[in-house]
Amino acid sequence: MCLPLQLLATAGSTMIQMGAQQKEAEATARNERRVAMQQKIDREIGKVQAMQRQTQRVEEYISAEKSNLAVFSVSGVDVDSASIQAFQEANAVTVGEDLNAIAFQADMESRTRTVQAGLAEQRASNALSAGYANMMGTALTGINNMAKIWPG
């Protein structure tokens, strides 16, 4: 193969390889940004679901309290008695604890999603940096190969 064709082939293959490395890095970065966005969406969905669970728990409590009062009333139990008041207060404390537990779990899941999103964003940045470093390595290899071909 003549010298100009060898140089052209080396330069061309180097450029093609560098372009492929750039596209791969960009695709990886896009994918990681999508992962980060999904984590953020999941975090917000989790917050809404936690509020729904809390609302449901309060509705269950109110329904159970109404049922209990109806049963006590039908049974002839004084619903204003100290024992019934203590029973209702204990149930209210339990519901409060349940609501706190739901909120705590939602907060922990939200924090986890936030960290996961941040990590995905960092991976996107790292993918681009690594891609550029690979491209530079390929360029230097191509230059070295052309120098070996060049008469001198």
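Check the entry above for the structure.
Every value quoted in this text rests on a predicted model; they were computed, and no experiment measured them. (Residues numbered from 1 in each chain as written. Predicted model: local features only at pLDDT ≥ 70, side-chain atom pairs only at ≥ 80, totals over all residues. Heavy atoms only, no water.)

Brief notes about the overall build of the protein chain
Here's step 1: From N to C terminus, the protein chain includes two helices and zero strands.
Here's step 2: For the protein chain, whose C-alpha radius of gyration is 33 Å, the value lies well above the compact-globule estimate of 15 Å for 152 residues.
Here's step 3: Expressed as lengths along the three principal axes of its C-alpha atoms, the size of the protein chain is roughly 110 × 15 × 15 Å.
Here's step 4: In the protein chain, buried positions account for 21% of the 152 residues.
Here's step 5: Pairs at least 24 apart in sequence give 84% of the contacts found in the protein chain among residues at least 6 apart.
Here's step 6: As presented, the protein chain carries roughly 10,300 Å² of accessible surface, and 60% of it is formed by carbon and sulfur atoms.
Here's step 7: Each charge class in the protein chain was averaged separately, 14 positive and 16 negative side chains, and the resulting centres sit 18 Å apart. (Helix = DSSP H or I, 4+ residues; strand = E, 2+ residues; numbered from the N terminus. Rg over C-alpha atoms; globule rule 2.2 N^0.38 Å. Buried < 20%, exposed > 50% of the residue type's maximum accessible area, 1.4 Å probe, protein only. Contact = heavy atoms within 4.5 Å. Areas by Shrake-Rupley, 256 points an atom, 1.4 Å probe, with all protein chains shown as cover. Lys, Arg positive; Asp, Glu negative; His and termini not counted. Charge placed at Lys NZ, Arg CZ, Asp CG, Glu CD.)

Notes on the packing of helix 1 (residues 3-74) against helix 2 (residues 82-149)
Here's step 1: At a closest axis distance of 8 Å, the pairing of helix 1 and helix 2 adopts a crossing angle of 180°. It follows that helix 1 is roughly antiparallel to helix 2 by the angle criterion.
Here's step 2: A class-by-class count of the residues in the contact of helix 1 with helix 2 yields 30 nonpolar, 21 polar and 14 charged. (Axes fitted to C-alpha atoms, helices over the stretch in contact; angles between N-to-C directions. Parallel < 35°, antiparallel > 145°, perpendicular 65-115°, else oblique. Nonpolar A, V, L, I, M, F, W, Y, C, P; charged D, E, K, R; others polar.)

Structural notes on the packing of aromatic side chains
Here's step 1: Counting across every chain of the model gives one aromatic pair.
Here's step 2: Each ring, one from Phe 72 and one from Phe 87, has its centre 5.8 Å from the other, and the planes form 80°; the classification is edge-to-face. Highlighted residues: Phe 72 in helix 1 and Phe 87 in helix 2, separated in sequence by 15 residues.
Here's step 3: By relative accessible area, Phe 87 is classed as partly exposed at 35%. (Phe/Tyr/Trp six-rings, centres within 6.5 Å; stacked < 30°, edge-to-face > 60°.)

Considering the environment of Thr 112
Here's step 1: Structurally, Thr 112 can be placed in helix 2.
Here's step 2: Residues Thr 112 and Gln 39, 73 residues apart in the sequence, show an inter-C-alpha distance of 9.2 Å.

Some details on the pattern of salt bridges
Here's step 1: One pass over the full model with this rule turns up seven salt bridges.
Here's step 2: As a salt-bridge pair, Arg 123 and Glu 32 come within 2.9 Å of each other at their nearest N and O atoms. Here Arg 123, found in helix 2, pairs with Glu 32, found in helix 1; they are 91 residues apart in sequence, far enough to count as distant.
Here's step 3: On the basis of relative accessible area, Glu 32 is assigned to the buried category, the value being 14%.
Here's step 4: Through salt bridges with shared partners, a single network forms among Arg 43, Glu 44 and Lys 47. (Salt bridge = Lys/Arg side-chain N within 4 Å of Asp/Glu carboxyl O.)

Looking at the environment of Arg 33
Here's step 1: Note on placement: Arg 33 falls in helix 1.
Here's step 2: Taking the relative accessible area as the measure of exposure, Arg 33 reaches 43% and is therefore partly exposed.
Here's step 3: Separated by 89 residues in sequence, Arg 33 and Gln 122 place their C-alpha atoms 9.0 Å apart.
Here's step 4: Residues contacting Arg 33, with those up to four places away along its chain left out, are Ala 124 and Leu 128.

Remarks on a nonpolar patch on the surface
Here's step 1: On the surface, Met 37, Ile 41 and Ile 45 cluster together into a nonpolar patch covering about 260 Å² of accessible area.
Here's step 2: With respect to the helices and strands, the residue Ile 45 is situated in helix 1.
Here's step 3: Judged by relative accessible area, Ile 45 falls into the partly exposed class, the value being 40%. (Patch = residues over 30% accessible without salt bridge, like charges linked within 9 Å, V, L, I, M, F, W, Y side chains within 5 Å.)

Observations concerning helix 1
Here's step 1: Under the 1.5 Å per step criterion, the end-to-end length of helix 1 is 105 Å for 72 residues, consistent within 8% with the ideal 106 Å.
Here's step 2: Following helix 1 by one or two positions, Gly 76 has its phi on the positive side, about 85°. (Expected span 1.5 Å × (residues − 1).)

Read these as spatial facts, not as claims about activity.
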